[in-house]
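This is what each chain is made of:
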Amino acid sequence: MKKIFTVLVAGLMISAQAFAVTTKDVCGQFNGELWIDWDSYGSKSVYLLPGTTENTLTFVLPDFSFLGGKLGNIVLPNISMDADGKLSLKETSLYLDSINLRASIKMLNNYEDEGETYNSIVSVTQAQITLEIAEPKTLPMPIIVIFEGQALRSNNYALPNGGFEGAWTNNEPQGWHSFVSATGPFSGFVKGNTGQFVQSDEVRPGSKGAHSAVISSQSVIGVNANGNCTNGQIYAGSMTAADATGNYNFSDPKNTGFNTPFQGRPDSIAFWAKYLPADKNPNNEVNKARMSAIITTSARYQDPEHPDSVYTDMKIAAAVMNYSATADMGWQRISVPFAYYPNNLDKQPAYILTTFTTNHVPGGGSSEKGKLDSVYIDDVELIYNKTLHSFSIGENALQFNQRVATVNEEFCDSCADYVAAAEGKTAQTFIGFDAAHKCIHVYVIADDFAQSGDYRLYRVEFSNSQTDDLDPLNQGVENLLHNTISSEKVLLNGQLFIRRGDVWFNAAGIRVK
């Protein structure tokens, strides 16, 4: 273990010396190993989130367990970080509601044991967090908790180049393919269709990009070929357009460059489209374009599916939409939810196959010269919901306005049951009690946080605490005693406490009950 930490800290120091780091640089998910009093507690993920005040961080250690007991999430707000990535946090308290106890927590730097030094330091790529947790009622002496891990800067939670920007190589943008790179026995007949998938300067309303993509139907040896683009590869194996055994898009783990590694569980896929069918009849059901996105395991998959093959074991989720043109043939934003297959929820996503086509019927629509079907596509993105569905204090549900709720009570992190629930397939909620600012912060993140850094922050304010002159964090222990006639010193088991009615503080002025 010591060798591991020595190498880690050396790497962190070199990284910090190379350039100054900011809190924005280091926020994200870190995966590594957790040690408690030098015993390994296995692999864990921790999160560094933007702090609620400037130049601070919030540290989250989910599902902390010790000696067989589940103590819940450790959420530490208001952590300061210097330009070298060294972290500091004044002693704080944490109420462990699962065992009805309060612990004091220190974030340590330069902690030494048997000649080795342990730190709390973070860089863009690595982190080491050293905590001292004390709880005199249950722990004869403080425990040392050390996490060391690598930043998870994964790109496998989004579709590549969803805006179709940048340079196109051989008439294809990065991450997307069409007929010019098709494979199969009849691919030679379709590779020349360079005008079937092109870049356009027309963008959807409000776009920050400069380009979109256009797919158009074409006639191939007298056969109508739908406009088609995919992040997989097209297989051209039949002269019959509707032959799913010979014509399809596919994703194969062995087919490097024509698949999209993926590990997310998004709630929906959204995209902008401008569908221009040659037949303007809105009542013609054939005049519908199609989008499909299939999340799979690490297995070969094709769309449309082969009629003689079984795909039930490899499909984790699917989002499919056949859509019509708008009345004015303009842009529309389309959002399609993913349906997850119940029997495969325990399987890990490995790839996503996405397809856009000018018609939901193979060979449908028009390829007549001068009367082609076309679809403009822009800003394709996967959506991970991070909305706080509900937050309750005991039996009372709060209503939020602009992500802020107010409670006409005094701030307390242990006076009631606080329950937060989020919307989203992978959304997690973490409750942080900020005694310094007398409020509760609720963080909502999803599994794309490792790539996007996106999160939602909600705040619960306690109106009766805003002018609390008895706040030990602001007034200090002596002022607390002098200004409050109901306060008294109490010595229990050799430790000094300050009692005010039913509320207890330790000698440092931190509330313990």
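Before reading further, recall that the structure is shown in the block above.
On a predicted model such as this, the values are computed, not experimentally measured, just so you know.

## Brief notes about the packing of aromatic side chains
Argument step 1. Under the defined criterion, the tally for this structure stands at 19 aromatic pairs.
Argument step 2. Judged by centre distance (6.0 Å) and plane angle (75°), the rings of tyrosine 248 and phenylalanine 250 are edge-to-face.
Argument step 3. Since its relative accessible area comes to 7%, phenylalanine 250 is described here as buried.
Argument step 4. Aromatic rings pair up to connect Phe164, Trp176, Phe271, Tyr275, Tyr323 and Phe356 into one cluster.
Argument step 5. Taking NZ or CZ as reference, lysine 274 lies 4.8 Å from the ring centre of tyrosine 376, over its face.

## Quick look at empty space enclosed by the protein
Argument step 1. Using the criterion set out here, one finds one cavity of 30 Å³ or more in the structure.
Argument step 2. Of the voids in this model, the largest cavity is the one considered here, and its volume is about 50 Å³.
Argument step 3. If you list the elements that add at least two residues to the lining of the largest cavity, you get strand 4 (69-81) and strand 6 (92-96).
Argument step 4. Examining the composition of the lining of the largest cavity, we find that four residues originate from one element, strand 6, more than from any other.
Argument step 5. Residues belonging to the lining of the largest cavity are distributed by class as follows: five nonpolar, two polar and one charged.

## A short note on the side chain of serine 414
Argument step 1. Within the secondary structure, serine 414 is located in the loop between strand 34 (404-407) and strand 35 (418-423).
Argument step 2. Since its relative accessible area comes to 17%, serine 414 is described here as buried.
Argument step 3. Within the local environment of serine 414, its side chain forms a polar contact with the side chain of arginine 102, the two groups lying 3.1 Å apart.
Argument step 4. Setting aside anything within four residues of it in sequence, one finds serine 414 in contact with Tyr95 and Arg102.

## Observations regarding unusual backbone geometry
Argument step 1. The residue after aspartate 303, namely proline 304, is reached through a cis peptide bond having omega 0°.
Argument step 2. Considering the arrangement of structural elements, one finds proline 304 in the loop between strand 24 (301-303) and strand 25 (315-323).
Argument step 3. Its identity is not glycine, yet asparagine 170 carries a phi of approximately 50°, on the positive side.
Argument step 4. With respect to the helices and strands, asparagine 170 occurs in the loop between strand 13 (168-169) and strand 14 (172-173).
Argument step 5. Although it is not a glycine, asparagine 171 sits at a positive phi angle of roughly 65°.

## A look at the sheet that holds strand 34
Argument step 1. Judged by pairing direction, the sheet is mixed, and its four strands sit side by side in the order 34-38-37-36 without closing on themselves. Of all strands in the sheet, those with a lone pairing partner are strand 34 and strand 36 (428-434), marking the two edges. Neighbouring strand axes in the sheet, compared pairwise and without regard to direction, differ in orientation by 20° on average.
Argument step 2. Judged from the seven bridges that link them, strand 36 and strand 37 (residues 439-445) form a sheet pairing that is antiparallel.

## Things to note about the sheet that holds strand 20 (residues 233-236)
Argument step 1. An order of 20-21-24 is seen for the three strands of this open sheet, with the pairing classed as antiparallel. Lying at the two open borders of the sheet, with one neighbouring strand each, are strand 20 and strand 24. The average angle at which neighbouring strand axes cross in this sheet is 35°, direction not considered.
Argument step 2. Bridge count for strand 20 against strand 21 (residues 247-251) is four bridges, and the pairing is antiparallel. Each residue of the ladder has a partner; that of isoleucine 234, found in strand 21, is asparagine 249.

## Here's the deal with the pairing of strand 3 (residues 56-66)
Argument step 1. Counting buried positions along strand 3 gives nine out of 11 residues, so the element sits mostly inside the fold.
Argument step 2. Across four bridges, the pairing between strand 2 (residues 39-50) and strand 3 is antiparallel. Residue proline 50 lies in a different strand from strand 3, and its bridge partner there is leucine 57.
Argument step 3. Between strand 2 and strand 3, which pair antiparallel in sequence order, lie five residues; one of them, asparagine 55, sits at a positive phi of approximately 60°.

## Some points on the environment of valine 407
Argument step 1. Locating valine 407 in the fold gives a position in strand 34.
Argument step 2. Taking the C-alpha atoms as reference, valine 407 lies 9.4 Å from isoleucine 393; in sequence the two are 14 residues apart.

## Considering the pattern of salt bridges
Argument step 1. For the coordinates displayed, the defined rule picks out 11 salt bridges.
Argument step 2. The partner of aspartate 252 in a salt bridge is arginine 300, and the shortest N-O contact between them spans 3.7 Å. Of the two residues, aspartate 252 sits in the loop between strand 21 and strand 22 (268-276) while arginine 300 sits in the loop between strand 23 (289-296) and strand 24, which places them 48 residues apart along the sequence.
Argument step 3. Across the pair lysine 386 and aspartate 448 runs a salt bridge whose closest N-O atoms are separated by 3.4 Å.

## Side note on the environment of glutamine 174
Argument step 1. With respect to the helices and strands, glutamine 174 occurs in the loop between strand 14 and helix 3 (187-190).
Argument step 2. Its relative accessible area of 53% is what places glutamine 174 among the exposed residues.
Argument step 3. With residues up to four places along the chain from it excluded, the contact list for glutamine 174 reads Pro160, Asn161 and Ala167.

The rules behind each value
The numbering scheme is per chain: residues are counted from 1 as the chain's sequence reads. At least 70 in pLDDT is required for a residue's local features to be given in this predicted model, at least 80 for side-chain atom pairs to be given and counted, and no such filter applies to totals for whole chains, interfaces and linings, which use all residues. Processing note: side-chain calculations cover all non-hydrogen atoms of the structure and skip hydrogens and water entirely. Pairs were defined over the aromatic rings of Phe, Tyr and Trp, the Trp ring being its six-membered one, requiring ring centres within 6.5 Å. Orientation was assigned from the angle between planes: stacked under 30 degrees, edge-to-face over 60, tilted for the rest. Only protein chains enter the area calculation, which uses a 1.4 Å probe; residues under 20% of their type maximum are buried, those over 50% are exposed, and those in between are partly exposed. A ring is scored as having a charge over it whenever the NZ atom of a lysine or the CZ atom of an arginine sits within 6 Å of its centre and within 35 degrees of its normal. Grid spacing is 1 Å over the protein atoms alone, the probe is 1.4 Å, and a cavity is where that probe fits but cannot get out, while a pocket is an open set with protein on both sides within 12 Å along at least five of seven lines and lining residues have an atom within 4 Å of a point. Grid points are joined across faces, edges and corners, and a volume is the space filled by probe spheres set on the points. Secondary structure elements follow DSSP: runs of H or I no shorter than four residues count as helices, runs of E no shorter than two count as strands, and numbering proceeds from the N terminus. For this classification, the nonpolar set comprises Ala, Val, Leu, Ile, Met, Phe, Trp, Tyr, Cys and Pro, the charged set comprises Asp, Glu, Lys and Arg, and every other residue, Gly included, is treated as polar. Polar contact is the term for a pair of N or O atoms within 3.5 Å; when the atoms are in protein, one must be able to donate a hydrogen and the other to accept it, and sequence-neighboring residues count only if both atoms are side-chain atoms. A contact between two residues is defined here by any heavy atoms of the two lying within 4.5 Å. Strand pairing is assigned whenever DSSP detects at least two bridges linking the two strands. Note on definitions: angles span 0 to 180 degrees between N-to-C directions of axes, and those axes are lines fitted to C-alpha atoms, for helices only across the stretch in contact. Any carboxyl oxygen of Asp or Glu that lies within 4 Å of a side-chain nitrogen of Lys or Arg is treated as forming a salt bridge with it.

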